[in-house]
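Read off the chains here:
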Amino acid sequence: MRVIAFHVQHDAGVAVADAGSLRLALELERLFEERYFECADEDDEFRAQWKRALDIVHRETGLERFDVAVTSWVAPSKRRVLKELVDAREWKTVDHHAAHALHGLHDAPFDTPLIVSFDGGGNDGTFRIFLGHRRLGTITPIARIPLNLGIPYRLLATTMPEVTGRRAQPRAGHLSLAGKLMAYAALAPPRPDWLDSIVDYYRTYQEPSQALYSLGEALHLELETNSLSQSDARTLAATSQVAFEKLLLETIRAQLDDVDVDGLVLTGGCALNVVANEGVRKALNIPLHVPPAPNDGGISVGALWSVSPPDGDLTPFVGPDLVFDVDERSLRERGGRKAEVAEIATLVRLGAVVGIAHGRAELGPRALGHRSIVAAPDRPELRDRINASIKSREWYRPVAPAVLSSAAHLYFEEVPRSPYMSFAVAVRESVRAHVAGAVHVDGTARVQTVDDPSSVLGSLLVALEKRGAPACVLNTSFNLPSRPLLQRASAALEALDTTELDFAWINGWLVPRNVDVDRQFRQRD
């Protein structure tokens, strides 16, 4: 059976399966180079966007006709446009949180998990609980909780100048604020006397201005755009994080009392909160899994599985191939040369920051080795350079460590399997110097465990280990400032030209920023 599935709101995407095999998951932000891409309201522009996306689908899969097309929370007028463009025998719909849950179910290693899908809202609510049946490929809804942890969380960030950068914000705050706020929350301790009021803020949230006003009155703070002092902003962020975790734990505990499950799956955009994920994992002592795209980028994949479950193991590397829009002659003129992963390992040991653009893109917002920037983990100054001079982002944002699964216990305490950077785990004090660049101010790291030693990232870690270095690197997304993970070879070259990235490894071609940088590292070797 050939199935195609669509999601058209923020983090829009399309996915294709053929006979249970996931052939492609295209996140439209990668195509249009606009983070959190949302399709146009106007029909002609919407049609043009999807014509372009469907050209990629055909190029990557060779498929033009489908047995079933699925939409998730797509307005009737937009479904009509899609039906004009797509040749499908049958059209179906699936609810927003059901799609999240199915993505989580089929990526998890459990047979009968409890699945929690929670975010800022879908057509079926903001917080849904399901019981998964892996062998049947189905989910059973068991609760719809009147709790929104998504919008109120990022809304508070609009009052914090260090998080917004004093940039203009939409009414409830830009989607990017949530990730920034999670890192920012580690900069100060929470205030216990504020906790009850913030918990009530989440429980009673209705709309932005009312919610901020009521909380401000309770805390004696002026909660307006960019209004808070540094001290109050940091304290509010920390206490909000505690409230978020408290409510999440209470809600999950109440559901676990009534079901017999072999694991827990967290999905929906709020499952990107790695601090809360780790708190849940440790508090509940139950196996916990978060899929690669718990955000709305995974909706189209979950929608596929509402028609027919996947056949066989899934991989996150299901995006389009890197567009190799440069010629070999121009690469050679820039000092480029063919190189193996072992040479990247040598450069990383010498202190280089290297961008990797290789093969098919990973699904979801985390860089997993095909669109990654890597560097040595023991040098905090490299993390600072990545933040300030390559990614142009806030100084307090941590950079994740990627580590071979077999070596993870050497550096991190009670580390679970974490292939998608889903948990903020404690770093062992005794070896902190070896991974100092990956340690956040609270002593944790958003670790990525790498199981496959033959993958690009796994091969790099093995090569480092053979050279006597930690089997660990700093790993962050390879993108230009304020853009999504890159999809063109020319964008990797643009990064070399406009940032302090030292090298880019582009489908096997190692290209230096310039001749001087290349010479500098050759002399160090």
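(A) Representation of the pattern of salt bridges in the model. Within this structure, the stated rule accounts for 37 salt bridges. In this structure, Glu33 and Arg488 form a salt bridge, with 2.5 Å as the shortest nitrogen-oxygen distance. One end of the pair, Glu33, is in the loop between helix H1 (28–32) and helix H2 (43–61); the other, Arg488, is in the loop between strand E17 (472–477) and helix H18 (489–498), and 455 residues separate them in sequence. Using a relative accessible area of 27% as the deciding quantity, one classes Glu33 as partly exposed. With a shortest N-O distance of 2.9 Å, Arg234 and Glu162 are connected by a salt bridge. Placement of Arg234 in helix H10 (residues 230–256) and of Glu162 in helix H6 (residues 161–164) is noted, with a sequence separation of 72 residues between them. We classify Arg234 as buried; its relative accessible area is 16%. Shared partners join several salt bridges into a network, and the residues in it are Glu33, Arg483, Arg488 and Glu494.

(B) Looking closely at the environment of Trp50. Within the fold, Trp50 resides in helix H2. Of the residues examined, Trp50 reaches a relative accessible area of 0% and is grouped as buried. Along the chain, Trp50 and Leu28 lie 22 residues apart, while their C-alpha atoms are 9.3 Å from each other. Dropping the residues within four chain positions of it, Trp50 is found in contact with Phe6, His7, Val8, Gly13, Val14, Leu28, Cys39, Leu82 and Leu85.

(C) Spatial organisation of the sheet that holds strand E3 (residues 21–27). Strand order across the open sheet formed by five strands is E3-E2-E1-E4-E5, with mixed pairing between neighbours. Unpaired on one side and paired on the other, E3 and strand E5 (87–93) mark the two borders of the sheet. Averaged over neighbouring strand pairs, the angle between their axes works out to 20° when direction is ignored. As paired elements, strand E2 (residues 13–18) and E3 share six bridges and run antiparallel to each other.

(D) Up close: a negative patch on the surface. A cluster of acidic residues, Glu38, Asp41, Glu42 and Glu45, forms a negative patch at the surface. Among the secondary structure elements, Glu42 is positioned in the loop between H1 and H2. Using a relative accessible area of 42% as the deciding quantity, one classes Glu42 as partly exposed.

(E) Spotlight on the sheet that holds strand E11 (residues 337–338). Spatially, the nine strands line up as an open sheet ordered E11-E19-E18-E12-E13-E17-E14-E16-E15, and their pairing is mixed. With one partner strand each, in any of the chains shown, E11 and strand E15 (423–426) form the two edges of the open sheet. As paired strands, E15 and strand E16 (residues 444–450) are joined by four bridges and run antiparallel to one another. Looking at E16, one finds that Val425 is bridged to Ala445. Where helix H15 (residues 380–390) meets the sheet, it contacts strand E13 (371–375) and E17, and its direction lies at approximately 135° from that of E13.

(F) The arrangement of the environment of Val57 in detail. On the secondary structure map, Val57 appears in helix H2. Residue Val57 is classed as buried on the basis of its relative accessible area of 1%. Sequence separation between Val57 and Val8 is 49 residues, and the spatial gap between their C-alpha atoms is 15 Å. Not counting residues within four places of it along the chain, the set of residues in contact with Val57 comprises Ile4, Val14, Val16, Leu24, Gly62 and Phe66.

(G) Expanded view of the side chain of Thr159. Looking at where Thr159 falls in the secondary structure, it is placed in the loop between helix H5 (151–157) and H6. Within polar-contact distance, the side chain of Thr159 engages the backbone oxygen of Leu156 at 2.7 Å. Look past the residues within four positions of Thr159 in its chain and what remains in contact with it is Leu212, Leu223, Glu224, Thr225, Asn226, Ser227, Leu228 and Leu236.

Calculation notes
- Along each chain, numbering runs from 1 in the same order as the chain's sequence is written.
- Owing to the predicted nature of the model, reporting of local features is limited to residues with pLDDT of at least 70; listing and counting of side-chain atom pairs is limited to 80 or more, with chain, interface and lining totals taken over all residues.
- Only hydrogens and water are removed before side-chain values are computed, so all heavy atoms of the structure are retained for them.
- When a carboxyl oxygen of Asp or Glu is within 4 Å of a side-chain nitrogen of Lys or Arg, the pair counts as a salt bridge.
- Strands here are runs of E lasting at least two residues and helices are runs of H or I lasting at least four, both read from the DSSP assignment and numbered beginning at the N terminus.
- Think of it in three bands: with a 1.4 Å probe and only protein chains considered, a residue is buried below 20% of the maximum accessible area for its type, exposed above 50%, and partly exposed in between.
- Contacts were defined at the residue level, with two residues in contact if any of their heavy atoms lie within 4.5 Å.
- Pairing between strands is defined by DSSP: at least two bridges between the two strands are required.
- A fitted line through C-alpha atoms serves as each axis, taken over the contacting stretch for helices, and the angle formed by two N-to-C directions is quoted from 0 to 180°.
- Residues enter patches when their relative accessible area tops 30% and they take part in no salt bridge; the joining distance is 9 Å for like charges and 5 Å for the nonpolar side chains Val, Leu, Ile, Met, Phe, Trp and Tyr.
- For every accessible area listed, the method is Shrake-Rupley and the probe measures 1.4 Å; residues are considered covered only by the protein chains on display.
- Here Asp and Glu are counted as negative and Lys and Arg as positive; His is not counted, and neither are the chain ends.
- For the purpose of locating charges, the reference atoms are NZ of Lys, CZ of Arg, CG of Asp and CD of Glu.
- Side-chain atoms alone can form a polar contact between residues adjacent in sequence; in general such a contact is a pair of N or O atoms within 3.5 Å, and within protein one must be able to donate a hydrogen while the other accepts it.

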